[in-house]
Structures are given as structure tokens and as C-alpha cells.
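Structural description and commentary
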Amino acid sequence: MSALSAQLLTRAKSAPSQRVWTTADFLALGSRAAVDQALSRLVRQGALARPARGLFAVRRKSERLGIDLPAKLDEVVDALGRRTGATVVPSGATFANQLGLSTQVPMRATFQTSGRARRYQIGGVTVELRHVSPRRLAASSPHNLAVLSAIAYLGKANIDDEAIARLRTVTDAANDAALLSDARNQPAWVMAVVRRVIERRADSPATPPPSRPNISRSSRDG
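These notes cover the structure that comes with them. All of these numbers come straight from a predicted model, not from anything done at the bench. One numbering rule holds for all chains: residues counted from 1, following each sequence as written. It should be noted that, the model being predicted, local features are given only for residues of pLDDT at least 70 and side-chain atom pairs only at 80 or more, the latter also being counted only at that level, while totals for whole chains, interfaces and linings use all residues. Processing note: side-chain calculations cover all non-hydrogen atoms of the structure and skip hydrogens and water entirely.

With that out of the way, let us pick up the environment of Asp-161. Mapped onto the secondary structure, Asp-161 falls in helix H6 (residues 161-169). Considering only alpha carbons, one finds Asp-161 and Arg-200, 39 residues apart in sequence, at a separation of 9.6 Å. Residue contacts follow a heavy-atom distance rule, with two residues in contact if any of their heavy atoms lie within 4.5 Å. Not counting residues within four places of it along the chain, the set of residues in contact with Asp-161 comprises Arg-196 and Arg-200. Counting of polar contacts relies on pairs of N or O atoms within 3.5 Å, with two restrictions inside protein: one atom must be capable of donating a hydrogen and the other of accepting it, and residues adjacent in sequence are counted only when both atoms are side-chain atoms. Among the polar contacts listed, one links the side chain of Asp-161 to the side chain of Arg-196, at a separation of 3.5 Å. Under the scheme used here, helices are H or I runs from DSSP no shorter than 4 residues and strands are E runs no shorter than 2 residues, and both carry numbers assigned from the N terminus.

Looking now at helix H3 (residues 73-84). Taking 1.5 Å as the rise per residue, H3 with 12 residues should run 16 Å; its terminal C-alpha atoms sit 17 Å apart, in good agreement. When H3 is considered as a whole, its buried residues turn out to be Leu-73, Glu-75, Val-76, Val-77, Ala-79, Leu-80 and Gly-81. Where the residues of H3 are buried, they touch strand E1 (20-22), strand E3 (55-58), strand E4 (88-90), strand E5 (109-113), strand E6 (118-122) and strand E7 (125-131). At the exit of H3 stands Gly-85, carrying a positive phi of roughly 80°. By this rule, a helix spans an expected 1.5 Å times one less than how many residues it contains. The buried label applies to any residue whose accessible area, calculated with a 1.4 Å probe on protein chains only, is under 20% of its type's maximum; exposed applies above 50%, and partly exposed to all values in between.

In this description, a nonpolar core means a group of buried Ala, Val, Leu, Ile, Met, Phe, Trp, Tyr and Cys residues linked to one another through side-chain atoms lying within 4.5 Å. Counting residues in each nonpolar core, the largest one holds 27 residues, and the members touching the most others are Leu-99, Leu-101, Ile-151, Leu-167 and Val-194. Of all the elements in the fold, those that place two or more residues in this core are helix H4 (92-98), helix H5 (142-154), H6, helix H7 (176-182) and helix H8 (188-202). The leading source of residues in this core is H5, at 7 residues. What Val-194 contacts, discounting residues up to four positions off in sequence, is Leu-148, Ile-151, Leu-179, Leu-180 and Ala-183. Val-20, Ala-71, Ala-79 and Val-127 belong to the second largest nonpolar core, which has 17 residues in total.

The aromatic pairing rule takes the rings of Phe, Tyr and Trp, using the six-membered ring of Trp, and pairs them if the centres are within 6.5 Å, calling planes under 30 degrees apart stacked, those over 60 edge-to-face and the rest tilted. Per the stated rule, a full pass over the model turns up 1 aromatic pair. Both rings, one in Trp-21 and one in Phe-26, keep their centres 5.4 Å apart while their planes meet at 40°; by these two values the pair is tilted. For Trp-21, a relative accessible area of 2% corresponds to the buried category. Taking the relative accessible area as the measure of exposure, Phe-26 reaches 1% and is therefore buried. Charge-over-ring placement is defined geometrically: NZ (Lys) or CZ (Arg) within 6 Å of the ring centre, and within 35 degrees of the ring normal. Directly above the aromatic system of Trp-21 lies the positively charged group of Arg-19, at a separation of 4.3 Å from the ring centroid.

Let us now look at the sheet that holds E7. Strands are labelled as partners when DSSP assigns at least two bridges between them. A sheet is described by the order of its strands in space; here 4 strands give the open sequence E4-E5-E7-E6, paired in mixed fashion. Every other strand in the sheet has two partners, leaving E4 and E6 as the edge strands with one partner each. Adjacent strand axes in the sheet meet at a mean angle of 30°, parallel and antiparallel pairs treated alike. Relative to E7, E6 runs antiparallel, the two sharing 5 bridges. Counted as the bridge partner of Tyr-120 is Val-127 from E7. Axis geometry follows a simple rule: fit a line to the C-alpha atoms, using only the stretch in contact for helices, then measure angles between N-to-C directions, giving values from 0 to 180 degrees.

The antiparallel open sheet is built from 3 strands, whose spatial order is E1-E3-E2. Taken across any chain shown, the strands that pair with only one partner, and hence form the sheet edges, are E1 and strand E2 (48-49). Contacts between H3 and the sheet are confined to E1 and E3, with E1 contributing the most and set at about 15° to the helix.

With that settled, consider a positive patch on the surface. Residues enter patches when their relative accessible area tops 30% and they take part in no salt bridge; the joining distance is 9 Å for like charges and 5 Å for the nonpolar side chains Val, Leu, Ile, Met, Phe, Trp and Tyr. In short, Shrake-Rupley with a 1.4 Å probe defines the accessible areas, and a residue's cover is counted only from the protein chains shown. In what follows, salt bridge is the name for a side-chain nitrogen of Lys or Arg lying within 4 Å of a carboxyl oxygen of Asp or Glu. Neither His nor the chain termini are counted; the positive set is Lys and Arg, and the negative set is Asp and Glu. Charged groups are reduced to one reference atom each: NZ for lysine, CZ for arginine, CG for aspartic acid, CD for glutamic acid. Together, Arg-53, Arg-83, Arg-116 and Arg-118 make up a positively charged patch on the protein surface. If you trace the backbone, Arg-118 turns up in strand E6. The partly exposed category is assigned to Arg-118, whose relative accessible area is 34%.

Looking now at H5. Residues separated by three or four positions in an α-helix point in the same direction, a consequence of the helix having 3.6 residues per turn. With 13 residues, H5 ought to run about 18 Å at 1.5 Å a step, and its terminal C-alpha atoms sit 18 Å apart, in line with that. Taking burial as the measure, the 13 residues of H5 include 10 buried ones, the bulk of the element. Those residues of H5 that sit buried are His-143, Asn-144, Leu-145, Ala-146, Val-147, Leu-148, Ser-149, Ala-150, Ile-151 and Leu-154. On its buried face, H5 sits against E4, H4, E5, H6, H7 and H8.

Structural measurements only, silent on function.
This is how it looks when you write it as C-alpha cells:
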């Protein structure tokens, strides 16, 4: 194994958990041509897997099953975003499910992206990146983006008093100003929904801030 290949493999294994890498992640170690050649050599030797074109991951096996473990889908998608420089986040359907605003479990791997719409075949799973305006993916926090994306997914016609009540359980008064500011990047009706949530909270007795669910980056959209 060449010195560069050894450096690349050491770097790839340095992540505390499985991670998917792009060629650009290794360019501090050598020229683009040399890095490309070394990565291809490591794939041929079985040290690295290639979950998608231009992406690399340390090959790992299941000791119980004796088969290769696929790269984590959310890490593959994160690497796709880094490679293109685009924002990539879960679909509104996924956010709505994770926030408890919808019982529908997404069945397809779908993400929102500020970049080009694309489809990838990753480990037998079709991953679809759907383009949306970069402005709509801008928010002061991941949680606010999740809430706003979920509202957009639910749709104007489906936001009734029950939906407003559910939205109150995943937002809190301390964050109302930031959420309303972020809503300016969304369609006008989404901002109107956020205003209804805030106004309804103001008319209700004070309650403790809600616990926030763990928002996962992985997405299967149905």
C-alpha cells in the first residue's frame, strides 16, 4: 500500500463512527489526480466501499451475518450535499412524522435540496433529491426548519384548530420571535399559520416548554 493510500485509509477510519467521505475531504493529503487514484486503489483492494459515485466509506462487515454493512443513508446524503455545496435536509413528510404532526410513515428516501433535483441508487434504495428554493431552507435552527417544512407539507387546507394545537406542542414561546422571522422565507400562508400558533398560545394559560424530538436527517417519503 502506498504512503498516500495509507494516509487516506487512516483519515477515513479516524471518524468516531461510520462516515461517508468525498474526494474533496482528502485533498489536503495530495493532488486531485493522486487522491483519485489512491481512493480507487483502496476500493479495488476492498478497504473502502463506494456507496455512490464520488463517495467513499470504510468497508464494515456484520460479524453475525458475515456480510458488508451498507453506509448509513443519512451520512451518504450528507456527503452528497458537501460534494455539491447544496443544502440537503429531510422532506416535509419526514419532519411532520418526526414531530408527531403526521402518523404517515414515509416509505421513500426523499430529501429537499437547494441544488439540482437528482436521483441516486444507493444500496438498493432510490434516493430522490427534490429542488426547493434555497430561501425556503433558510432558518435560524434545524428545529425551526423542521416545523416550517412540516407545515408546508401538511398543506394550507389541512391546518385546522387541531393542527394548530399540535403545533403548539412542538414550539415554545421563547422561540416564537425566531420562528416568525424564519417564516418570512416561506409562502405567506405558512407565516399566517405560525401567527395563529403564537396568538393561540397568547390566549392560553402558560405551559412548560415542550420537549423537542430528535430530528433525524434520514428520510423515507411516502
